[in-house]
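# Per-entry structural report
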Amino acid sequence: MCGIVGYVGEKPAVPILMAGLQKLEYRGYDSAGIAVVDQEAIWVKKAMGKLAVLEDRLNGTRPDGVVGIGHTRWATHGRPSDENSHPHQDGRGDFAVVHNGIIENYLTIKQRLAAAGHVFASETDTEILAHLVEAYYDGNLEAAVQRVVSEITGSYAAAFICRHEPEKIVAVRKDSPLVIGLGQGENFLASDIPAILNHTRKTYVLTDGEMAVLTRDAVTVKSAATGAPVSKEIFEVKWDAVAAEKAGFDHFMLKEIFEQPKALRDTITGRLTPTGADLAALGLEPALLAQINQVAIVACGTAYHAGLVGKYIIEALARVPVVVDIASEFRYRNPMVNEQTLVVVVSQSGETADTLAALREAKRKGAKVLAVTNVVGSSVAREADAVFYTWAGPEIAVASTKAYTSQLVAMQILALSLAQVRQTLTPDAIGEIVAGLKRLPAQVAAVLAGTGTVKAISNRIKDWDNVFFIGRGVDYAVAMEGALKLKEISYIHAEAYAAGELKHGTLALITEHIPVITLATQEQVLEKTVSNVQEVRARGAYVIAVALAGNETVNEYADVVLTVPQTHPVLAPVLAVVPLQLLAYYSAVARDCDVDKPRNLAKSVTVE
Ligand code: M6R
């Protein structure tokens, strides 16, 4: 949700900032802008629209300044426009600031500043930061920023430059990510690692309440509240810059769909023993797992859907009651969790504001929190009691795919761990699931090897305004993810229903040829699902079924069957979702949508 870059060094800043923004565009793409200190003045260029518009506008007007900041925006306060784009400046043009997050008390501050004569050029909350720093500046940018921070509430990652101190950037963070990159004679700042990976692998993450002062030769970190120095441990990024590139695929989303076999293999590796899940790999005491009486899974969007799958699997294997909550609901409903609840927060980015707030609420109530996240050192990883990293690698496309299937594997391994500790499964049953988990990467690769039928169906789906997804049990949870993928990137309205629920109202919407995508991987409810398929077929629906190989029953009743390899029922979601991801992808391409950057969305949602 908004991307920030910063550069201090010896080279012209503009190309470095633009290249960094290009890597961060997935975080927001309503508008973009850069500011560079140039000959003791601040030069700013910004434009509504994607980065390409800014690139066009820059033609022939690039200053040589070696210190600068940049921003790519996902609008919160104020519609996308040139004026509302960042960086923002004070009235005199002495400062420039970029910001990610929301300043909650901006209106009161804005009114006060306006009464004192400040004139505002935008509708944003961010602009008050530039005017405040102007008001507090008396020759020391750090001190002025500290005063600003002491006054604002809300969430922010922000970076300031000042024409009177042309050699530095001052950055602060609270509830929005900021990474520092350390180079030789140059230093970097960014919302995410891919933006700096072409320059350095030496990084560390700022934590809440910290302020970083970047100059060419050093980065110092202090407490923004007290100014006390903070020492940081350098983290060497292991993954390759290529992992954050498209590598010949048309879109990041397609590349990431095809990376799933590796993502799953990496996530499973080291988590299994010959006789089950490796309990040590979970980072939670077996005694704790044995004594909990409830699991609460909290997440947003696709991660929430992974949690729904987790509920079915944990309850089936470990016989512990599981509640699943949308994080933005959980945090405000005085949730019933306590010392005997294991709260599992699931977040690809580890920075989703609602999920982070839910984690804090759970901890406040005494629950133990396990974070399932894809980003090392992210906020949820740091604040949870234990972390299960999904090793999916960087996920750039806004639509989550490989992170989701890796989260499903995390749920399966958690369920297995709980089952082992609570002795709810026989060794044979555990062995069967372990063997199935190990087969999953190759099975996903097999599904990906045949995309022809999915492409053909997408050509038919693309012309529909409404599509239904149905399923029973864990298939219902997968249906929800299939529907979200389709609406998110192709803008086709899609809804998921528990198959048995259709006849309680929604069946009225089933008309001649309307596509009904049926998940039918669960043997124990297969006959019931088939009955529901017949009900929609009788009303003229065009039924596309996703079924396990060898399932002849569904073949008879569906118009098209997308088969995935045979597996254990609790592992089936990992395979069943892959055709749905591809269906969404190819439908979006056929409708000429911007697959990687769907309208109105952003990758990492760091505001409420
Ligand atoms: O980073 P997180 O997993 O916390 O993000 C949660 C959701 O915003 C995210 O899954 C979103 O729903 C995806 N765009 C869906 O593809």
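What you are looking at is a predicted structure, and each value in this text was computed from that prediction instead of being measured.

What follows deals with the pattern of salt bridges. Overall, the coordinates contain 34 salt bridges when judged by the stated rule. In this structure, the salt-bridge partner of Glu210 is Lys232, at a minimum N-O distance of 2.7 Å. Of the two residues, Glu210 is situated in strand 12 (residues 210–214) and Lys232 in the loop between strand 13 (219–223) and strand 14 (235–236); the sequence distance between them amounts to 22 residues. Judged by relative accessible area, Glu210 falls into the buried class, the value being 8%. With a shortest N-O distance of 3.0 Å, Glu259 and Lys255 are connected by a salt bridge. Assessed through its relative accessible area of 4%, Lys255 is described here as buried.

Time to look at the sheet that holds strand 3 (residues 41–48). Whether parallel or antiparallel, the strands of a sheet pair through hydrogen bonds between backbone atoms. In spatial order, the strands read 3-2-4-1-10-9-11-14; together these eight strands make up an open sheet with antiparallel pairing. Both outer strands of the open sheet, strand 3 and strand 14, are each paired with one neighbouring strand and no more. Examined bridge by bridge, strand 9 (residues 179–182) and strand 11 (residues 202–205) share three bridges and lie antiparallel to one another. From the neighbouring strand, Gly181 faces strand 11, where its bridge partner is Thr203. In the packing of helix 1 (residues 13–24) onto the sheet, the strands contacted are strand 1 (3–8), strand 2 (31–38), strand 3, strand 4 (67–73) and strand 10 (187–190), and the crossing angle to strand 1 comes to about 155°. Set on the sheet, helix 2 (residues 51–58) makes contact with strand 2 and strand 3; between it and strand 3 the angle comes to about 130°.

Take the site of the ligand next. Contacts to the ligand come from 13 residues, most closely from Ser347, Gln348, Ser349, Thr352 and Glu488. Contacts to the ligand include Ser400, whose backbone N or O atom sits 2.8 Å from an oxygen atom. In isolation the ligand exposes 410 Å². Once the protein is present, 90% of that is buried. Taken together, the elements giving at least two residues each to the shell around the ligand come down to helix 9 (301–318) and helix 16 (474–490). Considering each element in turn, the shell around the ligand owes the most residues, three residues, to helix 9. Residue classes in the shell around the ligand are distributed as four nonpolar, seven polar and two charged.

A separate point is helix 17 (residues 526–538). The terminal C-alpha atoms of helix 17, which comprises 13 residues, lie 18 Å apart, in line with the 18 Å expected from a rise of 1.5 Å per residue. For helix 17, every residue scored as buried is listed here: Leu526, Thr529, Val530, Asn532, Val533 and Val536. Taken around the axis of helix 17, the buried residues stretch over an arc of 160°, which confines them to a single face. Opposite its buried face, helix 17 presents the exposed residues Glu527, Lys528 and Ala538, each directed more than 90 degrees away. Phi turns positive one or two residues past the end of helix 17, at Gly540, with a value near 95°.

This part is about the packing of aromatic side chains. Under the defined criterion, the tally for this structure stands at six aromatic pairs. For the pair Phe95 and Tyr137, a centre-to-centre distance of 5.1 Å together with 75° between the ring planes defines the contact as edge-to-face. In this pair, Phe95 sits in strand 6 (residues 95–103) while Tyr137 sits in the loop between helix 4 (127–136) and helix 5 (141–151), placing the two residues 42 residues apart along the sequence. For Phe95, a relative accessible area of 1% puts it in the buried group.

So, about helix 7 (residues 260–268). All of the buried residues along helix 7 are Gln260, Pro261, Ala263, Leu264, Thr267 and Ile268. Buried residues of helix 7 fall within an arc of 165° about the axis and therefore sit on the same side. Turning to helix 7, the residues buried within the fold contact helix 6 (252–258), strand 15 (272–273), strand 21 (386–389), helix 13 (402–422), helix 14 (427–449) and helix 19 (572–590). Immediately beyond the C-terminal end of helix 7, within one or two residues, lies Gly270, with a positive phi of roughly 85°.

On to the environment of Ala392. Secondary-structure assignment places Ala392 in the loop between strand 21 and helix 13. Through-space distance from the C-alpha of Ala392 to that of Gly49 is 30 Å; in sequence the pair is 343 residues apart. Ignoring sequence-local partners within four residues, the contact set of Ala392 consists of Ala263, Thr267, Asn374, Lys402, Ala403 and Ser406.

We now examine a nonpolar patch on the surface. Residues Phe235, Val376 and Trp391 make up a contiguous nonpolar surface patch of about 250 Å² in total accessible area. Looking at Trp391, the relative accessible area reads 38%, which means it is partly exposed.

What follows is about the domain arrangement of the chain. Considered domain by domain, the chain is made up of domain 1 (3–245), domain 2 (254–444) and domain 3 (452–590). Domain 1 and domain 3 are separated by 45 Å when their C-alpha centres are compared.

Moving on, we come to the nonpolar core. Core analysis: the largest hydrophobic core is formed by 126 residues, its most contacted members being Val295, Val344, Leu437 and Phe469. Dropping the residues within four chain positions of it, Val344 is found in contact with Val295, Ala296, Ile297, Val298, Leu370, Val372, Met411 and Leu414. The next biggest cluster of nonpolar side chains, apart from the first, holds 29 residues, and it includes Ile128, Val148, Cys162 and Val172.

On to the sheet that holds strand 5 (residues 88–89). Strand order across the open sheet formed by six strands is 5-6-7-8-12-13, with antiparallel pairing between neighbours. In the strand order of this sheet, the two ends are held by strand 5 and strand 13, each with one partner. With respect to the sheet, helix 4 is in contact with strand 5, strand 6 and strand 7 (154–162), its orientation differing from that of strand 6 by roughly 130°.

Scanning all chains against the criterion turns up zero disulfides. Cysteine Cys300 shares no disulfide, and the gap to the nearest cysteine sulfur, in Cys2, comes to 17 Å.

Next up on the list: the pairing of strand 26 (residues 560–564). Of the two faces of strand 26, only the one carrying Val560, Leu562 and Val564 is buried; Val561 and Thr563 on the other face are not. In this structure, strand 25 (residues 542–548) lies alongside strand 26, joined through five bridges in parallel fashion. Across the sheet, residue Leu548 finds its bridge partner in strand 26, namely Val564.

Turning our attention to unusual backbone geometry. Backbone torsion omega between His86 and Pro87 reads -5°, so that peptide bond is classified as cis. With respect to the helices and strands, Pro87 occurs in the loop between strand 4 and strand 5. Positive phi, normally seen in glycine, also occurs at His513, with a value near 75°. Here Asp592, not a glycine, exhibits a phi torsion of approximately 65°, which is positive. When you line up the elements, Asp592 lands in the segment after helix 19.

Calculation criteria
Residues numbered from 1 in each chain as written. Predicted model: local features only at pLDDT ≥ 70, side-chain atom pairs only at ≥ 80, totals over all residues. Heavy atoms only, no water. Salt bridge = Lys/Arg side-chain N within 4 Å of Asp/Glu carboxyl O. Helix = DSSP H or I, 4+ residues; strand = E, 2+ residues; numbered from the N terminus. Buried < 20%, exposed > 50% of the residue type's maximum accessible area, 1.4 Å probe, protein only. Pairing = 2+ DSSP bridges. Contact = heavy atoms within 4.5 Å. Axes fitted to C-alpha atoms, helices over the stretch in contact; angles between N-to-C directions. Near = heavy atom within 4 Å. Polar contact = N/O pair within 3.5 Å; in protein donor to acceptor, adjacent residues only side chain to side chain. Areas by Shrake-Rupley, 256 points an atom, 1.4 Å probe, with all protein chains shown as cover. Nonpolar A, V, L, I, M, F, W, Y, C, P; charged D, E, K, R; others polar. Expected span 1.5 Å × (residues − 1). Arc of directions from axis to C-beta. Phe/Tyr/Trp six-rings, centres within 6.5 Å; stacked < 30°, edge-to-face > 60°. Patch = residues over 30% accessible without salt bridge, like charges linked within 9 Å, V, L, I, M, F, W, Y side chains within 5 Å. Domains from an automatic or database assignment. Core = buried A, V, L, I, M, F, W, Y, C linked by side-chain atoms within 4.5 Å. Disulfide = S-S within 2.5 Å.

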